[in-house]
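Structural overview for review
Read off the chains here:
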Amino acid sequence: MKIVVGEGSCGIAAGAAKVYSALESALNGVNAELTFTGCNGMCFLEPIVDICDKGNLIKRLVRVTPGDAGKIAAFVNGDGDAVKDLEISDDDKAFLDKQTRIALRHCGVINPEKIEEYTATDGYKALRKVLTSMTPEEVIEVIKTSGLAGRGGAGFPTWFKWNAARQSPGEEKYLICNADEGDPGAFMDRAVIESDPHNLIEGMLIGAYAIGAKEAIVYVRAEYPLAISRLEKAISQAEEAGYLGDSILGSGFNCKMRIKAGAGAFVCGEETALIESLQGERGMPRLKPPFPAASGYWYKPSNINNVETFANVSWIILNGGEAFAAMGTENSKGTKVFALTGKVKKGGLVEIPMGKTLRDVIFDIGGGIKEDKEFKAVQMGGPSGGCIPASLLDTRIDYKELAATGAIMGSGGMVVMDSSTCMVSMARFFLDFTAKESCGKCVHCRIGTKRMLEMLDRIVKGKGKDGDIELLEELCFAVKDGALCGLGQTAPNPVLSTIRYFRDEYEAHINEKRCPAHSCGDLLSYSIDPAACRGCTLCSKKCPVGAISGTVKNPHTIDSEACVKCGSCFNVCKFGAVKVN
Amino acid sequence: MMESNLSKIEPVLDRYAAEPGSLITILQHTQEIYGYIPKDVMYRISERTGITPAEIMGVATFYSQFRLKPIGRYLIMLCQGTACHVNGSEKIAAAITNELGISDGETTDDGLFSLKSVACLGCCSLSPVMMINGETYGRLTPDKAVEILRSLRKESENK
Ligand SMILES: Cc1cc2nc3c(=O)[nH]c(=O)nc-3n(C[C@H](O)[C@H](O)[C@H](O)COP(=O)(O)O)c2cc1C
Ligand code: FES
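No experiment lies behind these values; they were computed from the predicted model shown. The residue numbering used here restarts from 1 in each chain and proceeds along that chain's sequence as written. Chain A is the first chain written and ligand 1 is the first ligand written, with later ones labelled in order. Local features are withheld for residues below a pLDDT of 70 in this predicted model, meaning they are given only at 70 or higher, and side-chain atom pairs are given and counted only at 80 or more; totals for whole chains, interfaces and linings count all residues. Hydrogens and waters are ignored; side-chain quantities use all the structure's heavy atoms.

1. Points about the layout of surface pockets
All names here are of chain A. Here a cavity means grid points, on a 1 Å grid over the protein atoms only, where a 1.4 Å probe fits yet cannot get out; a pocket means an open set of points with protein on both sides within 12 Å along at least five of seven lines; lining residues are those with an atom within 4 Å of a point. Grid points are joined across faces, edges and corners, and a volume is the space filled by probe spheres set on the points. By volume, the second largest pocket amounts to about 1300 Å³. What lines the second largest pocket is a set of 47 residues, and nearest its centre among them are Gly 152, Gly 153, Ala 154, Gly 269 and Glu 270. To qualify as a helix, a DSSP run of H or I must reach at least 4 residues; to qualify as a strand, a run of E must reach at least 2; elements of each kind are numbered from the N terminus. Counting only elements with at least two residues in the lining of the second largest pocket, the list comes to helix H8 (158–167), helix H12 (271–278), strand E8 (302–306) and helix H20 (486–490). Of all the elements, E8 adds the most residues to the lining of the second largest pocket, at 5 residues. Note on residue categories: nonpolar means Ala, Val, Leu, Ile, Met, Phe, Trp, Tyr, Cys or Pro, charged means Asp, Glu, Lys or Arg, and polar means any other residue, Gly included. The class makeup of the residues in the lining of the second largest pocket is 17 nonpolar, 21 polar and 9 charged.

Following this line, the structure appears as structure tokens:
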């Protein structure tokens, strides 16, 4: 038997590494092989342990603790019931069964640090096919047929960029992978690199062959140390196996690959800023045109694609462009990976064919809202995107249809919000992010986002004025028009989309000094209803600042001066005695 | 100003000084060696690479990864990404500030803890999340965060 522990960053954070060491000792002398895999995307069940026999998954155990190691050993030794209480429920199983996995097809299945497990699942077969039987033009044609569009946010047709870079004159060309994954709340690319690094390498090599690049670079976010180390290992394994380097697979095609770690700047996800950063400079975007295809890294023709874009390539080559294009809608082909998080029951990675609806993702796969609260909105596209309200839950996953809502497909961040999320404060949150991350090159972006942030700050503090909404809108359009790069051009989106769908919340904050979601601290006051309070003392124990006083069995009181409005008392009170206004 | 041991950076400079575009890599190594980017090391990098000190300062201040001041023994990286925000990371920040008396970017007087807000550690499904010296702590509550800090303090006292 084979015992497989899921060790992606999230699994490790949930305790998978400790489970692994506990299993190491428990399985000592037991006839079973202990190994690990990446992230299968069921983050809400982490840590996960799979038990396989003769290549088949026979048990999937969830929320495993180090203390469960003995049970697993007992199961291997023949006690069929030993792991019963750890087994995944049928309802949770459906989370994966309802998905269609292409970019994530190996994630959580193979050991990411073993090239032989990748090659055993058709790994590097597409590269061999390309190098032995296809011209670069034929490769580009297959990608064109597939309809693959960039998964990094903008959704630009991949074949077009490859073709432009191929056509650009010059011997020295570069292929770059954008693994900066800047959307705070998205982790699709991290999961792919940590769980299936060879698939990324293979997709990049096919891209490099298509455009005629001899050097490939992966720009990875600094916050992803595990992804960097697994990719480093994979690159050296691929070099050793002859998939990287000179005359790959004897074809005469040469390509080397290296990793560049980012240093923490959101704007470096923008392709020209990324190139500046690769050149060791401050990551400030360049004026386009010229596009990178004509003048990119060191002013040579370059092509930049997102991790997930590359992760689809080997599958397309092996299965044909038509098979990929058969999935999806008229405008959007293939599948898309989403990082489903926030107030959703089953948070994790979801890969589904384009054309499914938001409701399918959030309710059917994601299981709906935590504690069965009311769904309010879903945020897509992060700081460049927008919030989509409940009335539009049947919108399909399609570049055009999502854009029509005022949000965007984005790179795949999908943050679900319930009635307790204040939409004005959400807009303020994103503006705070973009104002800090603005590189400062364009006046409108640098100062405009700052002024917008100040206004939103005022509004959430109850100091909003009549006319603020209109002024915000005006500023939004000015910043959109006046910014050079996508950061500034899209930074107003979270504000515009929340005004569009939740104008009443803005008005409540401004006119009535009230936060309908009970979230903006400055607009709240907490008090205890003496008639309902039983004097159980729980709230005073929970209060982080000691603002609640009272004795056992007597009504308690809150010192409103000391209160930091954290809501702990409200949450712990079993008698509904804490009131919020 | 304290003087840094410049000999430690020389091997890095031997490897990268002549390679165009490697300033960020050099600064990353510098921070790994010294824990931050000391001023005198910046001057040394300038001498070896020919990049002006002003330009180096420009790059070092552009990227949030680089620190110009030493940090505490434990670096608390508190996630303020979207998923963590929606799940209450502000309350965790308030609890940490309340416990340690420092806010974002500051270090405690005893040099034990530094607090830094970051955007998304990639463990959104465990939000709210913080990472301390490479170890990730998920599904935080204000109480749990304070408990973790107290146990780290105890651990350091026993060492
Ligand atoms: C402010 C900003 C941030 C971006 N961040 C990312 C990112 O983190 N990852 C990414 O792949 N693309 C990002 N992009 C999009 C890239 O500029 C580029 O379009 C993309 O990498 C192209 O790859 P694709 O065609 O495969 O999508 C960002 C764009 C902007 C304007
Ligand atoms: S938003 Fe905090 S880990 Fe992603």
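2. Section: the packing of helix H2 (residues 23–34) of chain B against helix H3 (residues 39–49) of chain B
Residues and elements named next belong to chain B. Helix axes are fitted to C-alpha atoms over the stretch in contact, other axes to C-alpha atoms as well, and angles between N-to-C directions run from 0 to 180 degrees. Interhelical geometry of H2 versus H3 gives an angle of 145 degrees and a closest axis separation of 12 Å. The hand of the H2/H3 crossing is right-handed. On the side of H2, the interface is formed by Leu 23, Ile 26, Leu 27, Thr 30 and Tyr 34, while H3 contributes Val 41, Ile 45 and Thr 49. Handedness of a crossing is defined here by the sense of rotation of the near helix relative to the far one, left-handed for an anticlockwise turn of less than a right angle and right-handed for a clockwise turn. In what follows, residue pairs with any heavy atoms lying within 4.5 Å of each other are defined as contacts.

3. With respect to the domain arrangement of chain B
All domain edges in this entry derive from an automatic or database-based domain assignment. Taken as a whole, chain B is organised into domain 1 (6–62) and domain 2 (74–157). Taken over C-alpha atoms, the centre of domain 1 of chain B sits 30 Å from the centre of domain 2 of chain B.

4. Side note on unusual backbone geometry
Among all residues save glycine, negative phi is the norm, and among peptide bonds the norm is trans. Going from A:Lys288 to A:Pro289, the amide bond is cis rather than trans, its omega being -10 degrees. With omega at -5 degrees, the peptide bond leading from B:Ser127 into B:Pro128 counts as cis. Structurally, B:Pro128 can be placed in the loop between strand E2 (113–118) and strand E3 (130–132). The phi dihedral of A:Asp122 is positive, around 70 degrees, even though this residue is not glycine. For A:Asp122, the position within the fold is in the loop between helix H5 (115–120) and helix H6 (125–133).

5. Let's talk about the interface of chain B and chain A
Facing 37 residues of chain B, the contacting portion of chain A comprises 54 residues. Overall, the association of chain B and chain A removes approximately 3300 Å² of surface from exposure, summing both partners, and the carbon and sulfur fraction of that is 56%. Summed over both partners, the accessible area (1.4 Å probe) lost when two parts come together is defined as the buried area. The largest share of the area that chain B buries against chain A comes from B:Phe62, B:Thr82 and B:Val86, three residues that together contribute 18% of it. Just to be clear on terms, a salt bridge is a Lys or Arg side-chain nitrogen sitting within 4 Å of an Asp or Glu carboxyl oxygen. Residue A:Lys18 is joined to B:Glu135 by a salt bridge in which the shortest nitrogen-to-oxygen separation is 3.4 Å. Definition of a polar contact: a pair of N or O atoms within 3.5 Å, with one able to donate and the other able to accept a hydrogen when the atoms are protein atoms, and with sequence-neighbouring residues admitted only if both atoms are side-chain atoms. At the junction of chain B with chain A, the criterion picks out 16 residue pairs in polar contact (both at pLDDT 80 or more). Looking at which element gives the most residues to the side of chain B that touches chain A, the answer is helix H4 (residues 53–62) of chain B, with 5 residues. Residues belonging to the side of chain B that touches chain A are distributed by class as follows: 15 nonpolar, 17 polar and 5 charged.

6. Some details on the site of ligand 1
Residue and element names in this part refer to chain A. By convention in this text, a residue qualifies as near a molecule or strand provided that one of its non-hydrogen atoms is within 4 Å of it. Contacts to ligand 1 come from 18 residues, most closely from Gly 152, Lys 161, Asn 305, Asn 306 and Thr 309. A distance of 3.3 Å is found between an oxygen atom of ligand 1 and a backbone nitrogen or oxygen belonging to Arg 151. In this structure, Thr 309 approaches ligand 1 through a side-chain N or O atom, which is 2.7 Å from an oxygen atom. Placement of ligand 1 is best described as lying within the second largest pocket. Take the shell around ligand 1: its biggest share by element is 3 residues, from E8. When the residues that make up the shell around ligand 1 are grouped by side-chain class, the tally is 3 nonpolar, 9 polar and 6 charged. Any molecule with more than half of its atoms within 2 Å of a cavity's or pocket's grid points is regarded as sitting in that cavity or pocket.

7. Side note on helix H21 (residues 493–511) of chain A
Its 19 residues give H21(A) an end-to-end C-alpha distance of only 23 Å, which falls more than 12% under 27 Å, the value for a rise of 1.5 Å per residue. Here the bend at a residue is taken as the angle between two axes, fitted respectively to the seven residues that end there and the seven that start there. The largest bend in H21(A) amounts to roughly 95 degrees and is located at A:Phe502. Multiply 1.5 Å by the residue count of a helix minus one, and that product is the helix's expected span.

8. Considering the packing of aromatic side chains
Residues and elements named next belong to chain A. Pairs were defined over the aromatic rings of Phe, Tyr and Trp, the Trp ring being its six-membered one, requiring ring centres within 6.5 Å. Orientation was assigned from the angle between planes: stacked under 30 degrees, edge-to-face over 60, tilted for the rest. Counting across every chain of the model gives 16 aromatic pairs over all chains. Ring plane angle 65 degrees and centroid distance 5.9 Å describe the contact between Phe 363 and Phe 375, whose orientation is recorded as edge-to-face. In this pair, Phe 363 is assigned in helix H15 (residues 358–365) and Phe 375 in strand E11 (residues 375–380), connecting sequence segments 12 residues apart. Each residue is assigned to one of three classes by its accessible area relative to the maximum for its type, calculated with a 1.4 Å probe on protein chains only: buried under 20%, partly exposed between the two thresholds, exposed over 50%. Owing to a relative accessible area of 33%, Phe 363 belongs among the partly exposed residues under this scheme. The interplanar angle of 70 degrees and the centroid separation of 5.1 Å between the aromatic rings of Phe 429 and Phe 430 together place this pair among those described as edge-to-face. We note that Phe 429, like Phe 430, is buried. An aromatic cluster of three or more residues is present, and its members are Tyr 118, Tyr 124 and Tyr 243.

9. Structural notes on the packing of H6(A) against helix H13 (residues 307–319) of chain A
Residues and elements named next belong to chain A. At a minimum axis distance of 8 Å, the contact between H6 and H13 shows a crossing angle of 60 degrees. The handedness of the crossing between H6 and H13 is left-handed. Of H13, the residues touching H6 (which contributes Lys 125, Ala 126, Lys 129 and Val 130) are Ser 314, Ile 317 and Leu 318. Along the lines of polarity and charge, the residues of the contact of H6 with H13 split into 4 nonpolar, 1 polar and 2 charged.

10. Here's the deal with the pattern of salt bridges
Taken as a whole and judged by the stated rule, the model has 46 salt bridges over all chains. The salt bridge involving A:Lys336 is made with A:Glu308; its shortest N-O contact spans 2.6 Å. With A:Lys336 in strand E9 (residues 335–342) and A:Glu308 in helix H13, this pair connects stretches of sequence that are 28 residues apart. A single burial state applies to A:Lys336 and to A:Glu308, both of which are buried. One connected set of salt bridges, linked through shared partners, spans B:Glu10, B:Asp14, B:Arg44, B:Glu47 and B:Arg48.

11. Considerations on the confidence of the model for chain B
Residue-level confidence of the predictor is what pLDDT reports, using numbers from 0 through 100. For chain B, per-residue confidence averages 93 on the pLDDT scale, and residues scoring 70 or more make up 99% of the total. Predicted complex metrics record ipTM = 0.93 and pTM = 0.95.

12. A few points about the sheet that holds strand E3 (residues 49–53) of chain A
Strand pairing in a sheet is mediated by backbone hydrogen bonds. Such pairs are either parallel or antiparallel. Residues and elements named next belong to chain A. Here we have 4 strands laid out as an open sheet, ordered E2-E1-E3-E4, and mixed in their pairing. Every other strand in the sheet has two partners, leaving strand E2 (33–37) and strand E4 (56–61) as the edge strands with one partner each. Taking the axes of each pair of neighbouring strands and ignoring which way they run, one obtains an average angle of 25 degrees across the sheet. Both strand E1 (residues 2–6) and E2 contribute to a ladder of 5 bridges, which runs parallel. If DSSP finds at least two bridges between two strands, the strands pair.

13. Focus on the environment of A:Ile352
Residue and element names in this part refer to chain A. The topology assignment puts Ile 352 in strand E10 (residues 348–353). Assessed through its relative accessible area of 1%, Ile 352 is described here as buried. Excluding its chain neighbours within four sequence positions, the residues that come into contact with Ile 352 are Lys 98, Thr 100, Thr 335, Lys 336, Phe 338, Val 361, Ile 365 and Ile 397.

14. Digging into the pairing of strand E7 (residues 256–261) of chain A
Within a regular strand, side chains alternate between the sheet's two faces. Residues and elements named next belong to chain A. Two elements, strand E6 (residues 215–220) and E7, share 6 bridges in a ladder whose sense is parallel. Across the sheet, residue Ala 216 finds its bridge partner in E7, namely Met 257. Regarding topology, helix H11 (residues 225–240) serves as the crossover connection from E6 to the parallel E7, and that connection is right-handed. Think of it like this: strands point away, you trace from the first strand over the helix to the second, and a clockwise trace means the crossover is right-handed.

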